[in-house]
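The primary structure of each chain is shown beneath.
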Protein chains: 2
Amino acid sequence: MVKITDVARRAGVSPSTVSYALSGKRPISDETRRRVQAAVRELGYRTHARARGAAGGRSGVLALAVPMRSGVHVPVVTQFAVSVVTAARAHGHDVLLLTQGEGEKGIGRVAETGLADALVVMDVQLQDPRLPLLRSLPLPSVLIGVPAEPDGLTCVDLDFGAAGELCVDHLARLGHRTVALVGSPPEVYVRRTAFARRLVQGFTASAVYPCGTDRDAARAMAERLLREQPALTGVVVHNEPLLDPLIDAFEELGMRIPEDLSFTAVCPTPVAASARIPLTSVTVPSAELGTRAVHLLIRKLSGAPVPQATLLPPRLTERASTGPRPA
Amino acid sequence: MVKITDVARRAGVSPSTVSYALSGKRPISDETRRRVQAAVRELGYRTHARARGAAGGRSGVLALAVPMRSGVHVPVVTQFAVSVVTAARAHGHDVLLLTQGEGEKGIGRVAETGLADALVVMDVQLQDPRLPLLRSLPLPSVLIGVPAEPDGLTCVDLDFGAAGELCVDHLARLGHRTVALVGSPPEVYVRRTAFARRLVQGFTASAVYPCGTDRDAARAMAERLLREQPALTGVVVHNEPLLDPLIDAFEELGMRIPEDLSFTAVCPTPVAASARIPLTSVTVPSAELGTRAVHLLIRKLSGAPVPQATLLPPRLTERASTGPRPA
DNA sequence: CTGAAAGCGCTAACAA
DNA sequence: TTGTTAGCGCTTTCAG
């Protein structure tokens with residue numbers, strides 16, 4: 001293993017100079033920096049992450065707490081995780097994976113053992129039990145999702161309220177007047193998941209129907225909607241696995257899409273595009289959320305100020321599932 | 001932060017005794033051990049991972065290299081990753097996430113910087129470019145998938161060959177005589193993905209059709225199968241996203257399942273169970289693979305011998321998609 | 001069975 | 001602009 005003293009000897013400087021040349025934490029003459037860089041390259045030196053950590057520096061690791069519970073859509077989480085890793089790597093960091101099964105335990109452990117420099121916490125609920133811990137921690141964190149009391153925290157999310165409004169606007173412009181929101185499984189709302197609540201806010205004037213994700217739930221929901229809202233001509237669905245089953249269910253009940261019913265979704269683009277009927281949708285920009293979260297964290301690590309909440313504006317893409325209100 | 005010296009003082013012993021009491025690396029009297037444990041508990045001590053690393057001990061971190069490419073099914077990877085994290089935690093380890101976008105880079109970095117003690121490498125190809133590196137590394141590793149030359153490596157996988165045979169046996173017992181395997185997208189076979197090749201081996205007597213994953217590919221494949229294999233009454237599908245589209249395609253072409261065509265799948269249980277027609281399937285035991293991989297790694301870390309290849313036996317579950325050969 | 005002491009490789013005062 | 005020197009918190013010789 002090649003260590004910093006090897007590089008120092010090779011470059012004809014002291015170890016601390018190598019350290020500083022690499023970290024940029026104090027001015028180094030161009031000449032010296034060049035020699036150090038050359039030595040690093042020739043010897044293939046990489047600074048030992050653990051030793052650096054012990055010496056009080058940064059570990060170069062971000063921890064990512066990912067949710068593992070029903071009502072959370074695996075592909076979105078995965079895409080998000082990948083974008084976090086990619087962005088972290090671009091900043092020279094690695095990513096430690098924490099599952100939410102551990103809950104606060106994992107966060108506490110990572111903080112106390114100094115395993116990570118900072119935290120990305122996904123799937124934040126309105127009243128999240130982890131918030132007090134996060135606030136008290138010496139490590140900076142970024143939350144995906146906006147809790148009820150975001151004071152002292154840094155949050156990023158899609159602006160779900162605006163996303164709902166955007167869908168309704170789109171449907172309204174097409175002439176639709178009775179629109180329902182079919183949401184995530186009931187437990188998501190019961191748990192007061194922040195994103196679901198905020199999406200609902202775009203729908204104050206409309207009906208909201210939480211729904212499970214299997215084919216039976218889809219069929220039951222379609223029947224109930226047609227019964228309770230006879231004038232219904234538009235739906236907004238915020239429940240990824242339910243999309244295809246619900247399309248099927250409506251069609252089996254004789255509703256053609258988009259001739260009889262306009263169908264919009266809040267979901268990742270690939271899901272909307274590859275549904276049986278390509279869906280007009282507001283995308284959940286998982287990848288951008290991950291990248292943003294990491295950027296914010298890097299800024300916090302460097303001591304720069306960051307906004308308390310970053311809400312990404314929704315963008316609606318029209319596809320084949322929406323059309324004018326039937327005569 | 002509570003450190004080992006605090007515990008030592010509290011327990012009335014030396015720091016090294018605390019260290020040994022915790023690691024078990026040398027005999028400690030019961031009395032002393034008890035006092036140390038009490039002090040640890042009272043003070044809420046956790047050994048600082050980075051400092052331990054610097055001092056030459058273990059970092060307590062496993063690195064997991066996950067694939068991110070077409071032909072790899074996200075839910076399986078995710079389930080696998082979760083089971084790895086869970087199993088690792090059960091052994092007191094954390095998990096560092098490496099995306100395969102980094103390829104050998106990530107593995108090299110983790111090894112050289114001492115970030116992780118050991119590696120789990122998913123999605124191993126028959127001729128995997130990472131193998132030489134893995135063989136040369138001082139860190140132990142476990143591969144998911146069996147390469148062409150597994151010498152000096154440790155591998156775990158579903159026995160895909162046996163899985164294919166099991167499906168064919170099942171169909172054969174139901175009277176079917178002409179059976180086709182519809183596989184993963186062509187690039188998987190081109191890349192000589194180990195699992196796909198081995199699955200194919202169960203089918204030496206049958207036809208093998210690689211296939212893409214979209215609805216058009218499904219339709220084209222169904223048409224081609226019925227054209228090229230007029231006597232076809234059974235299929236084995238090893239291509240998760242293709243399952244539903246292929247079912248649809250066959251039915252649109254007038255083939256009822258299972259009356260006209262028996263349909264078996266090699267895929268995770270939840271996928272098989274929630275398909276439009278519940279599918280007779282051999283499960284890909286992602287979770288068990290992850291757990292096994294971690295167990296093997298822990299054993300290797302402790303210096304215990306481990307088998308070169310662990311092939312999990314396939315288990316077939318009958319559901320609604322298979323039946324006797326039509327008259 | 002236990003303690004004292006010497007580092008692990010690196011960083012960051014403190015000095016020049 | 002650079003070097004010298006003390007540690008970081010822990011592990012592990014070496015010595016009892």
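Look up a bit, the structure's there.
Note that the structure is predicted; figures quoted are calculated from it, not measured.

Participant: Give a description of the overall build of chain A that names residues and reports values.
Facilitator: Looking only at helices and strands, one finds 14 helices and 12 strands in chain A. Evaluated residue by residue, chain A yields a buried proportion of 54% over its 327 residues. Across chain A, contacts joining residues at least 24 apart in sequence account for 70% of those joining residues at least 6 apart. For chain A, the accessible area works out to roughly 13600 Å², and carbon and sulfur atoms hold 53% of it. Of note, chain A has its 37 positive side-chain charges centred 10 Å away from the centre of its 31 negative side-chain charges.

Participant: Hey, could you go over unusual backbone geometry for me, with residue numbers and the actual values?
Facilitator: That bond from Ile257(A) to Pro258(A) is cis: its omega, 10°, falls within 30 degrees of zero. Summarising the element assignment, Pro258(A) is placed in the loop between α12 (243-252) and β9 (262-266). One non-glycine residue, Asp123(B), lies in positive phi territory at about 55°. The residue Asp123(B) is located in the loop between β3 (118-121) and α7 (131-136) in this model.

Participant: Any details on the relation of the copies chain A and chain B? Residues and values, ideally.
Facilitator: Both copies of the chain are placed relative to one another by a rotation about an axis and a shift along it. Rotating chain A by 180° and translating it 0.0 Å along the rotation axis places it on chain B, where the RMSD comes to 0.2 Å. Considering both components of the superposition, the chain copies are consistent with a two-fold axis. Of the residues that chain A buries at the interface, 100% are likewise interface residues in chain B, meaning the two copies contact each other through the same surface.

Participant: Which residues make up the protein's contact with DNA strand C, and what values go with them?
Facilitator: Taken together, 26 residues lie near DNA strand C, and Ile4(A), Tyr45(A), Arg26(B), Thr32(B) and Ala55(B) sit nearest. Each atom of DNA strand C within 4 Å of the protein belongs either to a base or to sugar and phosphate, the latter forming 59%. One of the backbone N or O atoms of Ser14(B) is found 3.0 Å from a phosphate oxygen in DNA strand C. Every element with two or more residues in the surface near DNA strand C is listed here: α2 (15-23) and α4 (49-54) of chain A together with α2 (15-23) of chain B. A per-class count over the surface near DNA strand C returns 11 nonpolar, 10 polar and five charged.

Participant: Talk me through the protein's contact with DNA strand D; I want residue IDs and the actual numbers.
Facilitator: Taken together, 26 residues lie around DNA strand D, and Thr17(A), Thr32(A), Ala55(A), Ile4(B) and Tyr20(B) are the ones closest in. Per the 4 Å cut-off to the protein, sugar and phosphate atoms form 56% of the nearby atoms of DNA strand D. One of the side-chain nitrogen or oxygen atoms of Thr17(A) is found 2.6 Å away from a phosphate oxygen of DNA strand D. The separation between a base oxygen of DNA strand D and a polar main-chain atom of Ala55(A) is 2.7 Å. Looking at the surface near DNA strand D, the elements with two or more residues in it are α2 of chain A together with α2 and α4 (49-54) of chain B. When the residues that make up the surface near DNA strand D are grouped by side-chain class, the tally is 11 nonpolar, 10 polar and five charged.

Participant: How would you explain the packing of helix α1 (residues 4-11) of chain A against helix α3 (residues 30-43) of chain A if you had to name every residue and give the values?
Facilitator: Residues and elements named next belong to chain A. Between α1 and α3, whose axes approach to 9 Å, the crossing angle comes to 125°. One finds that α1 runs oblique with respect to α3. In this structure, α1 crosses over α3, and the sense of that crossing is right-handed. Residues Asp 6, Val 7, Arg 10 and Ala 11 of α1 lie in contact with α3, whose contacting residues are Arg 35, Val 36, Ala 39, Val 40, Glu 42 and Leu 43. Class assignment for the residues of the contact of α1 with α3 results in six nonpolar, no polar and four charged.

Participant: Got a sec to walk through the sheet that holds strand β4 (residues 141-144) of chain B? Specific residues and values, please.
Facilitator: The 12 strands are arranged β11(A)-β5(A)-β4(A)-β3(A)-β1(A)-β2(A)-β2(B)-β1(B)-β3(B)-β4(B)-β5(B)-β11(B) in an open sheet whose pairing can be described as mixed. At either margin of the open sheet sits one strand with a lone partner, and together these are β11 (309-312) of chain A together with β11 (309-312) of chain B. Taken pair by pair, the neighbouring strands of this sheet meet at an average axis angle of 20°, ignoring direction. Relative to strand β3 (residues 118-121) of chain A, strand β1 (residues 61-66) of chain A is paired through four bridges, and the arrangement is parallel. Within β3(A), the residue paired with Leu62(A) across the bridge is Ala118(A). Running at roughly 175° to strand β1 (residues 61-66) of chain B, helix α5 (residues 74-90) of chain B makes contact with β2 (94-99) of chain A together with β1, β2 (94-99), β3 and β4 of chain B of the sheet.

Participant: Which residues make up the nonpolar core, and what are the values?
Facilitator: Generally speaking, a soluble globular protein has its nonpolar side chains buried in company with each other. Within the largest apolar cluster, 52 residues are counted, with the highest numbers of intra-cluster contacts made by Leu64(A), Phe80(A), Ile144(A), Leu64(B), Phe80(B) and Ile144(B). Here Leu64(B) is in contact with Phe80(B), Ala81(B), Val84(B), Val95(B), Leu96(B), Leu97(B), Leu98(B), Val120(B) and Met122(B), once residues within four sequence places are set aside. Residues Val61(A), Ala111(A), Ala49(B) and Ala65(B) belong to the second largest nonpolar core, which totals 44 residues.

Participant: Kindly report on the pattern of salt bridges, identifying the contributing residues and their values.
Facilitator: Residues and elements named next belong to chain A. For the coordinates displayed, the defined rule picks out 37 salt bridges over all chains. Here Glu 42 ties to Arg 10 by a salt bridge, and the two come within 2.3 Å at their closest N and O atoms. With Glu 42 in helix α3 and Arg 10 in helix α1, the pair connects residues that are 32 residues apart, well separated along the chain. Residue classification places Glu 42 among the partly exposed residues on the basis of a relative accessible area of 49%. Arg 109 is the salt-bridge partner of Glu 102, the closest N and O atoms lying 2.4 Å from each other. As far as burial versus exposure is concerned, Glu 102 and Arg 109 are alike and both buried.

Participant: Outline the interface of chain A and chain B, listing residues and values.
Facilitator: Of the residues lining the interface, 37 residues belong to chain A; the matching set on chain B comes to 37 residues. Both faces considered, chain A and chain B share a buried interface measuring about 3300 Å² in area, 60% of it formed by carbon and sulfur atoms. Together, Arg46(A), Arg50(A) and Leu97(A) form the three largest contributors to the area buried by chain A at its contact with chain B, with a combined 22%. Along the contact surface separating chain A from chain B lie seven salt bridges. Seen at the junction of chain A and chain B, the total is 11 residue pairs in polar contact (both at pLDDT 80 or more).

Cut-offs used in this document
- Residues numbered from 1 in each chain as written.
- Chains lettered and ligands numbered in written order.
- Predicted model: local features only at pLDDT ≥ 70, side-chain atom pairs only at ≥ 80, totals over all residues.
- Heavy atoms only, no water.
- Helix = DSSP H or I, 4+ residues; strand = E, 2+ residues; numbered from the N terminus.
- Buried < 20%, exposed > 50% of the residue type's maximum accessible area, 1.4 Å probe, protein only.
- Contact = heavy atoms within 4.5 Å.
- Areas by Shrake-Rupley, 256 points an atom, 1.4 Å probe, with all protein chains shown as cover.
- Lys, Arg positive; Asp, Glu negative; His and termini not counted.
- Charge placed at Lys NZ, Arg CZ, Asp CG, Glu CD.
- Least-squares fit on C-alpha atoms with pLDDT ≥ 70 in both.
- Near = heavy atom within 4 Å.
- Polar contact = N/O pair within 3.5 Å; in protein donor to acceptor, adjacent residues only side chain to side chain.
- Nonpolar A, V, L, I, M, F, W, Y, C, P; charged D, E, K, R; others polar.
- Axes fitted to C-alpha atoms, helices over the stretch in contact; angles between N-to-C directions.
- Parallel < 35°, antiparallel > 145°, perpendicular 65-115°, else oblique.
- Left-handed = near helix turned anticlockwise from the far one by under 90°.
- Pairing = 2+ DSSP bridges.
- Core = buried A, V, L, I, M, F, W, Y, C linked by side-chain atoms within 4.5 Å.
- Salt bridge = Lys/Arg side-chain N within 4 Å of Asp/Glu carboxyl O.
- Buried area = accessible area lost by both parts, 1.4 Å probe.

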